[in-house]
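Inside the fold
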Amino acid sequence: MTDIITVKNLVEVYSDGTKAVDDITFNVEEGEFFGFLGPNGAGKSTTIKILTTLLKKTSGTVSIGGFDVDKQAPEIRKIIGVQSQETSIDGDLTGRENITLQGHYHQMDSGDIKKRVNELIALVGLEAAADRRARNYSGGMKKRLDLATSLVHKPKMLFLDEPTTGLDPQSRSTIWSYLEKLNKEEEITIFLTTQYLEEADKLCKRLSIIDVGKIVASGSPVELKREIGADSIRISLENCQRDNNKAKELIRTLTGVNEIIDSEECITVYAKNAGLLIADIVRALDSTDIRIGSVIFSSPSLDDVFMKHTGKRIRSEELVKAPSAMWGGARR
Amino acid sequence: MTLLSDTRYIFIRYLTKLVRTPILLFFSLFQPILFLVLFTQLLGKLSSFPGVLPTGVAYLEFAAAGIVMQNAFGSALQSGNSIVADIDSGYLQKMLVTPVSRPAILLGRLASDAFRVVVQTAIILGLGYALGVAENKPFYVTTGVVGILLIFFTLAFFGLAWSGISLALGMKTRSSETVFAIGGVITFPLLFLSPALFPLSFLPGWVQTVSMFNPVSYCVTATRALMINGYQWSTILPAWGVIGLVALITMSATLYQFRKVVS
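All values reported here derive from a predicted model rather than from experimental measurement.

1. Section: the overall build of chain A
In terms of regular secondary structure, chain A is built from 12 helices and 14 strands. The principal-axis extents of the C-alpha atoms in chain A amount to approximately 75 × 45 × 40 Å. Across the 332 residues of chain A, 42% fall into the buried class. Sequence separation of at least 24 residues holds for 70% of the intrachain contacts in chain A that already meet a minimum separation of 6.

2. What to know about the pairing of strand S12 (residues 257-262) of chain A
In the case of a regular strand, side chains alternate between the two sheet surfaces. Residues and elements named next belong to chain A. Summarising burial for S12: zero of the six residues are buried, a small minority. As paired elements, S12 and strand S13 (residues 267-271) share five bridges and run antiparallel to each other. Among the inter-strand pairings, Glu 259 is bridged to a residue of S13, identified as Tyr 270. In sequence, S12 turns back onto S13 through a hairpin of four residues.

3. Quick word on the interface of chain B and chain A
Counting residues at the interface gives 27 residues for chain B, matched by 25 residues for chain A. Among the secondary structure elements, those contributing two or more residues to the side of chain B that touches chain A are helix H1 (2-20), helix H3 (59-88) and helix H4 (91-96) of chain B. The residue makeup of the side of chain B that touches chain A, split by class, is 10 nonpolar, 12 polar and five charged.

4. Considering the confidence of the model for chain B
Residues and elements named next belong to chain B. Here chain B shows a mean pLDDT of 89. Residues at 70 or above account for 100%. Here helix H2 (residues 22-42) stands out as the least confident element of chain B, with mean pLDDT 83; H4 is the most confident, with 94. If you check the scores for this complex, the pTM reads 0.83 and the ipTM reads 0.86.

5. A closer look at the nonpolar core
Counting 118 residues, the largest nonpolar core has Phe159(A), Ile190(A), Ala64(B), Val68(B), Met69(B), Ala72(B) and Cys219(B) as the members making the most contacts within it. Broken down by element, the residue count for this core peaks at 16 residues, all from H3(B). Aside from chain neighbours lying at most four places away, what touches Met69(B) is Ala196(B), Val216(B), Cys219(B), Val220(B) and Thr223(B).

6. Observations regarding the packing of helix H6 (residues 144-173) of chain B against helix H9 (residues 215-229) of chain B
Residues and elements named next belong to chain B. The geometry of H6 relative to H9 is characterised by a closest axis approach of 9 Å and an angle of 165° between their N-to-C directions. The angle between H6 and H9 places the two elements in the roughly antiparallel class. Considering the relative orientation of H6 and H9, their crossing is left-handed. Residues Gly 147, Leu 150, Ile 151, Thr 154, Leu 155 and Phe 158 of H6 pack against Cys 219, Ala 222, Thr 223 and Leu 226 of H9. Of the residues assigned to the contact of H6 with H9, the class counts are seven nonpolar, three polar and no charged.

7. Topic: the domain arrangement of chain A
Domain annotation of chain A identifies domain 1 (3-225) and domain 2 (230-299). If you average the C-alpha positions of domain 1 of chain A and of domain 2 of chain A, the two centres end up 44 Å apart.

8. Remarks on the sheet that holds strand S4 (residues 59-64) of chain A
Paired through their backbone hydrogen bonds, the strands of a sheet run either parallel or antiparallel. Residues and elements named next belong to chain A. Pairing is antiparallel in the open sheet, where four strands are placed in the order S2-S1-S4-S5. Edge positions in the open sheet fall to strand S2 (19-29) and strand S5 (67-68), since each of these has one partner strand only. With eight bridges joining them, strand S1 (residues 3-13) and S2 adopt antiparallel strand pairing. Counterpart to Val 13 in the pairing with S2 is Lys 19.

9. What about the environment of Lys114(A)?
Residue and element names in this part refer to chain A. Relative to the elements of secondary structure, Lys 114 occurs in helix H4 (residues 110-123). Taking the number of C-beta atoms within 10 Å as the measure of exposure, Lys 114 has 14 and is therefore partly exposed. Sequence separation between Lys 114 and Gly 41 is 73 residues, and the spatial gap between their C-alpha atoms is 39 Å.

10. A closer look at the sheet that holds strand S3 (residues 33-37) of chain A
Residues and elements named next belong to chain A. Read across the open sheet, the six strands follow the order S6-S7-S8-S3-S9-S10; overall the sheet is mixed. Either end of the sheet is taken by a strand with one partner, and the two such strands are strand S6 (80-83) and strand S10 (214-219). With strand direction ignored, the average angle separating the axes of adjacent strands in the sheet is 15°. Direction of pairing for S3 relative to strand S8 (residues 189-194): parallel, over a ladder of five bridges. Bridge assignment links Leu 37 to a residue of S8, and that residue is Thr 194. Relative to strand S7 (residues 157-161), helix H1 (residues 44-51) is tilted by about 150°, and along the sheet it contacts S3, S7, S8 and strand S9 (206-211).

11. Topic: the confidence of the model for chain A
Confidence in the prediction for chain A averages 87 pLDDT; 94% of positions are at 70 or higher. Predicted confidence is poor over residues 316-332 of chain A, with pLDDT under 50, and the contacts of this stretch with residues over four places away or in other chains come to 27 contacts.

12. Focus: the pairing of strand S14 (residues 292-298) of chain A
Residue and element names in this part refer to chain A. Where burial is concerned, little of S14 is hidden: zero out of the seven residues are buried. Across six bridges, the pairing between strand S11 (residues 231-237) and S14 is antiparallel. Within the sheet, the bridge partner assigned to Ile 235 lies in S14 and is Val 295.

13. A few points about unusual backbone geometry
Residue and element names in this part refer to chain A. Even without glycine at this site, Asp 23 takes up a positive phi of about 60°. Mapped onto the fold, Asp 23 is located in strand S2. Look at Asp 23 and you get partly exposed, because 14 C-beta atoms sit within 10 Å. We note that Glu 187 has phi near 55°; this positive angle belongs to a residue other than glycine. With respect to the helices and strands, Glu 187 occurs in the loop between helix H6 (169-185) and S8.

Criteria and thresholds
Residues numbered from 1 in each chain as written. Chains lettered and ligands numbered in written order. Predicted model: local features only at pLDDT ≥ 70, side-chain atom pairs only at ≥ 80, totals over all residues. Helix = DSSP H or I, 4+ residues; strand = E, 2+ residues; numbered from the N terminus. Buried ≥ 20, exposed ≤ 12 C-beta atoms within 10 Å, placed from the backbone. Contact = placed C-beta atoms within 7 Å. Pairing = 2+ DSSP bridges. Nonpolar A, V, L, I, M, F, W, Y, C, P; charged D, E, K, R; others polar. pLDDT = per-residue confidence, 0-100. Core = buried A, V, L, I, M, F, W, Y, C linked by C-beta atoms within 7 Å. Axes fitted to C-alpha atoms, helices over the stretch in contact; angles between N-to-C directions. Parallel < 35°, antiparallel > 145°, perpendicular 65-115°, else oblique. Left-handed = near helix turned anticlockwise from the far one by under 90°. Domains from an automatic or database assignment.

Given below as C-alpha cells:
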C-alpha cells in the first residue's frame, strides 16, 4: 500500500507564540480510515487546515497524494474533499444548488455535475428536501448536505474535522454509516478528527492520539487498548460493607488476577483475560454466603489509553451549537 | 476561461441570495426612496427662489443625482457584510479548499454589487419620473438612453470604489457591526459636505471648500450634468478620474486584506 499522506516533523507556531502543532510525524495509507483523537485545543483542526492547504505550516514537510503542500496546493485541492467543523453551507440556496455550486467551484462539466448531484442527494438521503432552502434544514440534514458538497468531485481523500460534533446520537450514527460506506464502497481515504471516543473506536482502522500539539500514541484501536494490558470486572455485592474484605481475599487466590481495588460498585478486578475469570469469580463467591448484585465486564477503552499517556481523561465537550446561532446575526 | 466562468457562478450566487432576501433589498432602497420623496416635498419650494437652483430646474431634478449617489453608497457598504458572513460561516474557507479561481471570489462579489447599484438606480430614476409626472413637472434624463447608460456606469463604478472600503474593513475587522458603523459614519458627512442635496451656492463657505476635496462632489456633479445639462465632458471625465483614484486605493486595501485571508 502506498501512502497518500506523509507528514514529517510538522510544526505550527501561531503569531502569538502558541505552538499549536509540536513536531508531529505520521502517514496515512491509500484507502485507510485514519483518525486524530484528542480533546479540544489539541491541534487537530490546525493540522487539518495545514493538510488541506488553508494554513501555511511553520516547518516540516507535508505531502498529500504525492503533492507538496506548499508548492503544489492547486493539485492537492483537486483531489481532496473537506468538511470543516462549521457547517459551511449557504442557507439561502437549496440543497441541490449548494452541491451544484460546489461542483462549479471544482470547474466540473455541467452535465457531470447534474448527474453527480442526484447521486449525492440519494447517498445522503436528502431527496425530499433537495429543493428546499438549506436554512430550514435540521442540524443533521445540514451536516449531511455539507458532506455531500465535499464529495461532488469524487475526491480521492476526504478530510473531516469533527464531523459529528453537536449532533444528536441518531444523526451521528447516520453520518457514521455514510462514512463507512464511502470508505468501503468508493474506496475514499478518510482522515477524521474527533473528540468522541466511540467515534474513533468505531470508525478508525488506525488512529493517533493527540494532546497539546503532540502525538502521544498511534495504532489501531485494538492495539492501543491492548497496551493497557488488563480488562476490568466491576462487581457489586448485595452487602458490600460486610462482604468486601472477604470477597477480595477469595478473588486474590484466583490465578490471573492483576489487581483488586475498591470502586464505586464495590470491587473492581483487573486481569489479562478477564472474560475467562468471570466464571471463577462467580464460583468462588457462590461457595460462600456472599451474594453478588452484578458483574460488569469491560475491555479497556480509548479513554483508558488517553489516560495512560497523558494522565487526563478526554472530556468530550457536548457543546451543542444551536443552528440558529451559527447563522444568526451576520448573514448578509 | 476558469476566471470568467468562476466569476459568473459566484455572481449568480450573490444575486440569488439577494433576490431571496427581499428584506435586504427593501432596506437598501428604503432610505434613498424616503429621501427622494421627503426632500423633494420639503425643499420643493427652493426652485421658486431665484438664483438658488439653475434656472428652470425643479428641486426633484436637482436632487435625483444626489439620491442615486446615496443609494450607491448604501449598497456598496453592504458588500463588506457579505464577506464577513462568508468568513463566519466557514463558507469562504470551503471555497478556498477547492480549485476555484481566487480573483473570481472578489470579482463575483463586485459584479453583483455593480449590478445591484444599476438596478436600484433604475428604480429610483423611474420613481423620480413618476413623481415628476405627479407634480406636473416631468423629469427626464436629457442625454437620453446613452446618458442613462453613462449614469449607470458612473454609479456602478463609484459603487465599486466604495465596495472596496467595506470589503477591506469586513476582512480586517470580521465584524459586520463595525462595517455598518464605520460605513454610516463616512456616508453622511461625505453626502452632506457635497452638492448632492443642496446647491453649492446655498452652502456655507467652509462646506464649499471641503466639498472641493470630497470625491462625492465630482461624481454628483457629473451625474447631474448627464441628467440635466448634457454631455459636459469637462465635468464627467474628471469625475471618472476621481472615482478611478478612489478605486485604486480601496481596491489595493481590499486586495491586501484578501491575500491575508486567502493565504
